[in-house]
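# Inside the fold
Residues per chain, in single letters:
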Amino acid sequence: MFEIFLAGGILMWPILACSLLVIAISVERYWTLNPAKIAPKTLLAQVWSWIKNNQLDATKLRELKQSSSLGQILAAGLSNSKHGREVMKDSVQEAASQVIHELERYVNILGTIANIAPLLGLLGTVFGMIQVFNSIMVQGTGNTGVLAGGISVALYTTAAGLIVAIPAMIAHRFFQRRIDSIVVTMEEEAIKLVDALHSDRRVDVKLV
């Protein structure tokens, strides 16, 4: 395997670096993008219980903000609830934008690798084919075995690029779908809180 890697030429090294990035990002994002940690299902019920029991204060809001990404969004809305529905919604949307940016961290790199890895492989193959044709110019076409071997070596980088690109594309789409699902859940929970507060009672608490 190591001999095949070396035979692929210098462009096998950036392809290898891309493969290591795909593995590292996939492991990190799989661990980080845990729906149960980002948007706990019982969090809204807990917040509403605090509101109904008049337990929601600055300390609770700090605790809520630090608990999870959904908690950060809900805390932003609650801290501006006294200013009306529209202001509260704007606060929720601003906090949600920051949360989504954090969720999407590194995911776009997977998409970039999925696009450039095959190009690196193709470029390596082009360089290899140039070397093969240079050999033909020098030695002629009499030794077909050498030529076939040279062409197969030239194709190593294309194969390597595809081997990296395919998992990168799968991982990118997987994590993007997971992020979309989490975002929808957070939006639903935030809208429920806004509707509940401004159809029932208001909460006048400042986040400090």
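Our structure's up above, just so we're on the same page.
Residues numbered from 1 in each chain as written. Predicted model: local features only at pLDDT ≥ 70, side-chain atom pairs only at ≥ 80, totals over all residues. Heavy atoms only, no water.

## Considering the nonpolar core
The tendency in soluble globular proteins is for nonpolar side chains to be buried as a group. Convention followed: As used in this record, nonpolar core signifies buried Ala, Val, Leu, Ile, Met, Phe, Trp, Tyr and Cys residues forming a set joined through side-chain atoms within 4.5 Å. For each residue, the accessible area found with a 1.4 Å probe, counting protein chains only, is set against the maximum for its type, and the residue is called buried under 20%, exposed over 50%, and partly exposed in between. Put simply, DSSP H or I for four residues or longer makes a helix, DSSP E for two residues or longer makes a strand, and each gets a number counted from the N terminus. The contact rule is simple, with two residues in contact once any of their heavy atoms fall within 4.5 Å.
Grouped together as the largest cluster of nonpolar side chains are 50 residues, with contacts concentrated most on Leu64, Leu74, Leu78, Leu103, Met186 and Leu193. Sorting the residues of this core by element identifies helix 2 (12-32), helix 4 (43-52), helix 5 (58-67), helix 6 (69-79), helix 7 (85-103), helix 8 (107-139) and helix 10 (156-197) as the ones contributing at least two each. If we skip the residues at most four places from it in the chain, Leu103 touches Arg29, Leu33, Ile38, Ile179, Ile182, Val183 and Met186.

## Some words on the packing of aromatic side chains
Defined as follows: Stacked, edge-to-face and tilted are the three classes for Phe, Tyr and Trp ring pairs, Trp counted by its six-membered ring, which pair at centre distances within 6.5 Å; planes under 30 degrees apart are stacked, over 60 edge-to-face, the rest tilted.
In this structure the tally under the stated criterion is 1 aromatic pair. Ring geometry for Phe174 and Phe175: centres 5.2 Å apart, planes at 70°, overall edge-to-face. Take Phe175: its relative accessible area is 3%, and that puts it in the buried class.

## What to know about the environment of Gly128
Within the secondary structure layout, Gly128 lies in helix 8. Judged by its relative accessible area of 12%, Gly128 is buried.

## Concerning the pattern of salt bridges
Note the threshold: Whenever a carboxyl oxygen of Asp or Glu lies within 4 Å of a side-chain nitrogen of Lys or Arg, that contact is scored as a salt bridge.
Applying the stated criterion to the full structure yields 4 salt bridges. With a shortest N-O distance of 2.6 Å, Glu28 and Arg29 are connected by a salt bridge. Taking relative accessible area as the criterion, Glu28 reaches 29% and is therefore assigned partly exposed. For Arg29, a relative accessible area of 3% translates into the label buried. Here Glu102 ties to Arg105 by a salt bridge, and the two come within 2.5 Å at their closest N and O atoms.

## Thoughts on the packing of helix 6 against helix 10
Put simply, the rule reads: Fitting a line to C-alpha atoms yields each axis, with helices limited to the stretch in contact; the angle taken between N-to-C directions then spans 0 to 180 degrees. Angle categories are assigned with fixed cut-offs, so that under 35 degrees is roughly parallel, over 145 is roughly antiparallel, 65 to 115 is roughly perpendicular, and the rest are oblique. In this scheme, a crossing is called left-handed if the near helix is turned counterclockwise away from the far one by less than a right angle; it is called right-handed if the turn is clockwise. For this classification, Asp, Glu, Lys and Arg are treated as charged, while Ala, Val, Leu, Ile, Met, Phe, Trp, Tyr, Cys and Pro are nonpolar and the rest, including Gly, are polar.
Axis separation between helix 6 and helix 10 bottoms out at 10 Å; the angle between their running directions is 25°. Considering their axes alone, helix 6 and helix 10 lie roughly parallel with respect to each other. Crossing of helix 6 against helix 10: the hand is right-handed. Listed contacts from helix 10 to Ser69, Leu70, Ile73, Leu74 and Leu78 of helix 6 are Met186, Glu189, Ala190, Leu193 and Leu197. Each residue belonging to the contact of helix 6 with helix 10 can be placed in one class, and the counts come to 8 nonpolar, 1 polar and 1 charged.

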